[in-house]
Amino acid sequence: MGAETNEMRQRLRESGLRVTRSRLGVLDILADADGPLSFTQVVERLEGADWDQATTYRTLVKLKEVGLAAVASRVEGIDRYVLAGGRSDGHQHPHFLCGACGRIACLPEEIVASISVDGPWAESIRRAVVQLLGECPDCLTQPG
Ligand SMILES: [Zn+2]
Ligand SMILES: [Zn+2]
């Protein structure tokens, strides 16, 4: 918090939004996350907040509208949000979704660097969202 919260306040104002606790709260959660978060995961992390889930949902949509948040992943129809702009790279790297625990992790860009072609698909492939589906290391090592 502290300096980071001040930065968030400023970014909200620059985006023409009033600074509210829910907006600051959601931005804080996204800033601390180690990967894209679904609405449900944001709600879980906001446990104890004094606003309701509908407000959290509207807040996410609003932050996305003004470009402070972005949907980095849309596996199985679930939008997963990340902080956009500022220090974030927009999560242009591939993501790994664990089908067992639902965790989504950021992977290094190099993984897809070797996927390139010439011809009509070149640009499409360069811009494609790459998602790997499988089991994360934690789930793989869990017995049973
Ligand atoms: Zn897992
Ligand atoms: Zn990412």
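Our subject is the structure that appears above.
Residues numbered from 1 in each chain as written. Chains lettered and ligands numbered in written order. Predicted model: local features only at pLDDT ≥ 70, side-chain atom pairs only at ≥ 80, totals over all residues. Heavy atoms only, no water.

**Describing helix 4 (residues 53-65)**
Two residues of an α-helix separated by three or four positions point the same way, owing to the 3.6 residues in each turn.
So, point 1. Across its 13 residues, helix 4 extends 18 Å between first and last C-alpha, which sits within 8% of the 18 Å expected from 1.5 Å per residue.
So, point 2. Turning to helix 4, its buried residues are Thr55, Thr56, Thr59, Leu60 and Leu63. One side of helix 4 carries all its buried residues, which in axial view fall inside an arc of 140 degrees. Pointing more than 90 degrees away from the buried face of helix 4 are the exposed residues Arg58 and Glu65.
So, point 3. The inward-facing, buried residues of helix 4 contact helix 1 (3-14), helix 2 (21-32), helix 3 (39-45), strand 2 (69-73) and strand 3 (80-83). (Helix = DSSP H or I, 4+ residues; strand = E, 2+ residues; numbered from the N terminus. Expected span 1.5 Å × (residues − 1). Buried < 20%, exposed > 50% of the residue type's maximum accessible area, 1.4 Å probe, protein only. Arc of directions from axis to C-beta. Contact = heavy atoms within 4.5 Å.)

**Quick word on the environment of Pro108**
So, point 1. Here Pro108 shows up in the loop between strand 5 (104-106) and helix 5 (110-113).
So, point 2. Considering only alpha carbons, one finds Pro108 and Arg127, 19 residues apart in sequence, at a separation of 16 Å.

**Concerning the coordination of the zinc ion (ligand 1)**
So, point 1. In this structure, Cys98 (SG), Cys101 (SG), Cys136 (SG) and Cys139 (SG) serve as the protein donors to the zinc ion (ligand 1), at separations of 2.3 Å.
So, point 2. For the zinc ion (ligand 1), the 4 donor atoms in the first shell make angles of 106 to 115 degrees at the metal, a pattern classed as tetrahedral.
So, point 3. Read from N- to C-terminus, the donor residues coordinating the zinc ion (ligand 1) fall into the pattern C-x2-C-x34-C-x2-C. Placement of the pair is Cys98 in strand 4 (residues 95-98) and Cys139 in helix 7 (residues 137-141), with a sequence separation of 41 residues. We note that Cys98, like Cys139, is buried. (Donors = N, O, S within 2.8 Å, 3.2 Å for Na, K, Ca; no water. Tetrahedral: all angles 85-135°; square planar, octahedral: opposite > 155°, others 65-115°.)

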